[in-house]
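Residue-level structural notes
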Amino acid sequence: MDIIKIVIIGIAGAMLSIIIKSYKPEFSIHIVLSTVLILFLLVISKLEIILDFFNSISAQANISKIYFPVIIKILGIAYIADFTAQICKDAGEGAIASKVEFAGKVIIMYLALPVFLSIIDLINKLLPQ
Amino acid sequence: MSIDVDLIFKIATIGILVSVLNQVLLRAGREEQAMMTTLAGIIVVLFIIIQLINNFFDTVKTMFQL
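Now for a look at the structure at hand.

Remarks on the interface of chain A and chain B
- In this complex, chain A contributes 33 residues to the contact, which on the side of chain B involves 31 residues.
- When the two sides are added together, the surface that chain A and chain B hide from each other amounts to roughly 2900 Å², 87% of it contributed by carbon and sulfur.
- At the junction of chain A and chain B, the tally comes to zero salt bridges.
- One can count zero residue pairs in polar contact (both at pLDDT 80 or more) joining chain A with chain B.
- For the side of chain A that touches chain B, the secondary-structure elements that each account for two or more residues are helix H1 (2-23), helix H2 (25-60) and helix H3 (64-90) of chain A.
- When residues of the side of chain A that touches chain B are assigned to their parent elements, the largest contribution, 17 residues, is made by H2(A).

Okay, here's the thing in structure tokens:
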């Protein structure tokens, strides 16, 4: 089963990074990074199928055709920002981690603006003038 | 680059090898060579990591349409 393989890789990576940390602290971050990347690349095929499923569903509903790509983009940005922030925290760089998270929030907000505008327009239309 | 799991163990072996070589060279009194081997080890590991990160970012870019 896939999950068992993933769990084993995660534990092996954690143990290796502890062993290496005692000899050479600089190498432990490399091991953590490679473990995380391999785990993600293992899971990506399943994520692809999920996203294709959502794409096919949103293709039918004509409203979400405009907003669905925004949701997918925001999902990607949130994931990458969180991924980098976690790696920076592991490496002990709290400041960089918080800045990356802040940048991620700002970019997500930036992408979400059109959606807010369209909602406000919709509300204005509904209100009786 | 394929997603091969033994990458983690490759990096771990390089790390241990470098630290052992470092100790040996330090005992032999050659600090510069010790420094060189550490740098060489880090550069080799960086090559591997950069390929992996490149593969990761390409996948994420195509998938999330970023």
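Topic: the packing of aromatic side chains
- Throughout the structure, instances matching the rule amount to seven aromatic pairs over all chains.
- Ring centres of Phe40(A) and Phe56(B) lie 4.9 Å apart, and the angle between their planes is 80°; on these two criteria the pair is classed as edge-to-face. In this pair, Phe40(A) sits in helix H2 while Phe56(B) sits in helix H2 (residues 31-64), so the two residues belong to two different chains.
- Each member of the aromatic cluster is reached from another via a ring pair, and the members are Phe40(A), Tyr79(A), Phe83(A), Phe56(B) and Phe57(B).

Description of the side chain of Ser28(A)
Residue and element names in this part refer to chain A.
- The residue serine 28 is located in helix H2 in this model.
- Given the relative accessible area of 8%, serine 28 is considered buried.
- At a separation of 3.1 Å, a polar atom in the side chain of serine 28 contacts the main-chain carbonyl oxygen of proline 25.
- Not counting chain neighbours up to four residues away, the residues in contact with serine 28 comprise Ser17, Ile20 and Lys21.

A few points about the pattern of salt bridges
Residue and element names in this part refer to chain A.
- Taken as a whole and assessed by the stated rule, the structure comprises two salt bridges over all chains.
- Salt-bridge contacts for lysine 46 lead to aspartate 2; the nearest nitrogen and oxygen are separated by 2.6 Å. You can see lysine 46 sitting in helix H2 and its partner aspartate 2 sitting in helix H1, a full 44 residues away along the chain.
- Its salt-bridge partner being glutamate 101, residue lysine 89 comes within 3.2 Å of it at the nearest N-O pair. Taken as a pair, lysine 89 in helix H3 and glutamate 101 in helix H4 (residues 94-126) lie far apart in primary sequence, twelve residues in all.

Reading the values: the criteria
- Residues numbered from 1 in each chain as written.
- Chains lettered and ligands numbered in written order.
- Predicted model: local features only at pLDDT ≥ 70, side-chain atom pairs only at ≥ 80, totals over all residues.
- Heavy atoms only, no water.
- Contact = heavy atoms within 4.5 Å.
- Buried area = accessible area lost by both parts, 1.4 Å probe.
- Salt bridge = Lys/Arg side-chain N within 4 Å of Asp/Glu carboxyl O.
- Polar contact = N/O pair within 3.5 Å; in protein donor to acceptor, adjacent residues only side chain to side chain.
- Helix = DSSP H or I, 4+ residues; strand = E, 2+ residues; numbered from the N terminus.
- Phe/Tyr/Trp six-rings, centres within 6.5 Å; stacked < 30°, edge-to-face > 60°.
- Buried < 20%, exposed > 50% of the residue type's maximum accessible area, 1.4 Å probe, protein only.

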